[in-house]
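# Breakdown of the fold
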Amino acid sequence: MAARDPEATKARIFEAATAEFARHGIAGARIDRIAAEAKANKQLIYAYFGNKAELFARVLERSMLDLAVAVPVDPDDIDGWIDRVMDYHAAHPEVLRLLIWEGMEYGSGIELPDEDERQEHYRSKIAALRDGQERGVITDAIPARDLLFLLIALANWAAVVPQMRRIVVGVDGPDRDRLRASVREAARRLIAP
């Protein structure tokens, strides 16, 4: 009989849950599908992660942390940051899908799980932009928090609505490269001192 490895089981559950929530959201996700994909029983999922909403919160928290570590804001290299954000979301489309599901399921009036911790995460990004403003590298005409929100929107919109990107911009290599150059140019103009 093979020895049990709780950490490996948790990792399989987490990976299966990430895919399930990205496909179906919180309401549409099914613990039995997660268990089948992870080759684990449902009771382990509940024991390790709590209910479905708690599991979703852990999946999103981890996804956001991975993104933050992989793509920190750099006010001295907004072009590079835009490229890294776009590349990250191309490689990890589940992150934006999870955020979209969270927005649809929680809306704007319900406090999110771990909202305080997530705000703290964004405070560091806002502080990086504010530092760039204080040094005169980027404009201070737009508050740093609003500037971050706008830059995130610019970098992510093509990945959020790929059907619109295909219809309006196109999807082949030259179209993709042109759009990326346009997003970088728009970001440069947005932050110009």
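Right, let's walk through the structure included here. None of these values were measured; they are calculated from a predicted model. Along each chain, residues carry numbers from 1 onward, in the same order as the chain's sequence is written. Residue-level local features of this predicted model are given only where pLDDT is at least 70; pairs of side-chain atoms are given and counted only at 80 or more, and the full residue set underlies all totals for whole chains, interfaces and linings. Excluding hydrogens and water, the side-chain figures rest on all heavy atoms present in the structure.

## Focus on the environment of arginine 178
Rules: The secondary structure listing takes helices from DSSP runs of H or I that are at least 4 residues long and strands from runs of E that are at least 2 residues long, numbered from the N terminus. N or O atoms within 3.5 Å of each other form a polar contact, as long as, within protein, one can give a hydrogen and the other can take it, and as long as residues adjacent in sequence are counted only when both atoms are side-chain atoms.
When you line up the elements, arginine 178 lands in helix α10 (residues 173-191). Within the local environment of arginine 178, its side chain forms a polar contact with the backbone oxygen of valine 169, the two atoms lying 3.1 Å apart.

## What to know about the environment of histidine 92
Inclusion rule: Relative accessible area decides the class of each residue, using a 1.4 Å probe on protein chains only: under 20% of the type maximum gives buried, over 50% gives exposed, and in between gives partly exposed.
Residue position: histidine 92 is located in the loop between α5 (78-91) and α6 (93-106). Look at histidine 92 and you get partly exposed, because its relative accessible area is 27%. Sequence separation of histidine 92 and proline 162 is 70 residues, and the distance between their C-alpha atoms is 14 Å.

## Topic: the pattern of salt bridges
Side chains bearing opposite charge may pair, as long as their charged atoms lie close to each other. Heads up, the rule is: Any carboxyl oxygen of Asp or Glu that lies within 4 Å of a side-chain nitrogen of Lys or Arg is treated as forming a salt bridge with it.
Scanning the entire structure with this criterion turns up 18 salt bridges. One salt bridge connects arginine 58 with glutamate 61, and the closest N-O pair in it is separated by 2.9 Å. Of this pair, arginine 58 and glutamate 61 are both found in helix α4 (residues 52-70), 3 residues apart, which corresponds to roughly one turn of the helix. Since its relative accessible area comes to 36%, glutamate 61 is described here as partly exposed.

## Description of a nonpolar patch on the surface
Put simply, the test is: Patches were defined on residues exceeding 30% relative accessible area and lacking a salt bridge, with like-charge contacts within 9 Å and nonpolar side-chain contacts (Val, Leu, Ile, Met, Phe, Trp, Tyr) within 5 Å. For every accessible area listed, the method is Shrake-Rupley and the probe measures 1.4 Å; residues are considered covered only by the protein chains on display.
Nonpolar side chains collect at one region of the surface, where Met164, Ile167 and Val168 lie side by side and expose about 310 Å² of accessible area between them. Topologically, methionine 164 is positioned in helix α9 (residues 162-169). Accessibility expressed as a relative area gives 41% for methionine 164, which makes it partly exposed.

## What to know about helix α7 (residues 115-134)
What counts is decided by this rule: Working rule for helices: expected span equals 1.5 Å times residues minus one. This arc describes the spread of directions from the helix axis toward the C-beta atoms. Contacts are assigned to residue pairs that have any heavy atoms within 4.5 Å of one another.
The terminal C-alpha atoms of α7, which comprises 20 residues, lie 28 Å apart, in line with the 28 Å expected from a rise of 1.5 Å per residue. Among the residues making up α7, those that are buried are Arg118, His121, Lys125, Ile126, Ala128, Leu129, Gly132 and Gln133. When α7 is viewed along its axis, its buried side chains cluster within an angular range of 150° and face the same direction. In α7, the exposed residues that point more than 90 degrees away from the buried face are Asp116 and Glu134. Residues of α7 that are buried in the fold lie against α4, α5, α6 and α8 (144-160). Following α7 by one or two positions, glycine 136 has its phi on the positive side, about 80°.

## Notes on the packing of α4 against α6
Inclusion rule: Each axis is a line fitted through C-alpha atoms, and for a helix only the stretch in contact is used; angles between axes span 0 to 180 degrees, taken between their N-to-C directions. Roughly parallel means an angle under 35 degrees; roughly antiparallel, over 145; roughly perpendicular, 65 to 115; everything else is oblique. Take the far helix as the reference: if the near one is turned anticlockwise from it by less than a right angle, the crossing is left-handed, and if turned clockwise, right-handed. For this classification, the nonpolar set comprises Ala, Val, Leu, Ile, Met, Phe, Trp, Tyr, Cys and Pro, the charged set comprises Asp, Glu, Lys and Arg, and every other residue, Gly included, is treated as polar.
At a closest axis distance of 10 Å, the pairing of α4 and α6 adopts a crossing angle of 135°. Relative to α6, the element α4 lies oblique. In this structure, α4 meets α6 at a crossing whose hand is left-handed. Contacts from Phe56, Val59, Leu60, Ser63, Met64 and Leu67 in α4 reach Val95, Leu98, Leu99, Glu102 and Tyr106 in α6. Tallied by class, residues from the contact of α4 with α6 come to 9 nonpolar, 1 polar and 1 charged.

## Some points on the side chain of glutamate 20
One can find glutamate 20 in helix α1 (residues 6-28). Apart from the residues within four sequence positions on either side, glutamate 20 is in contact with Gly25, Gly28, Ala29, Arg30, Arg33 and Ile34.

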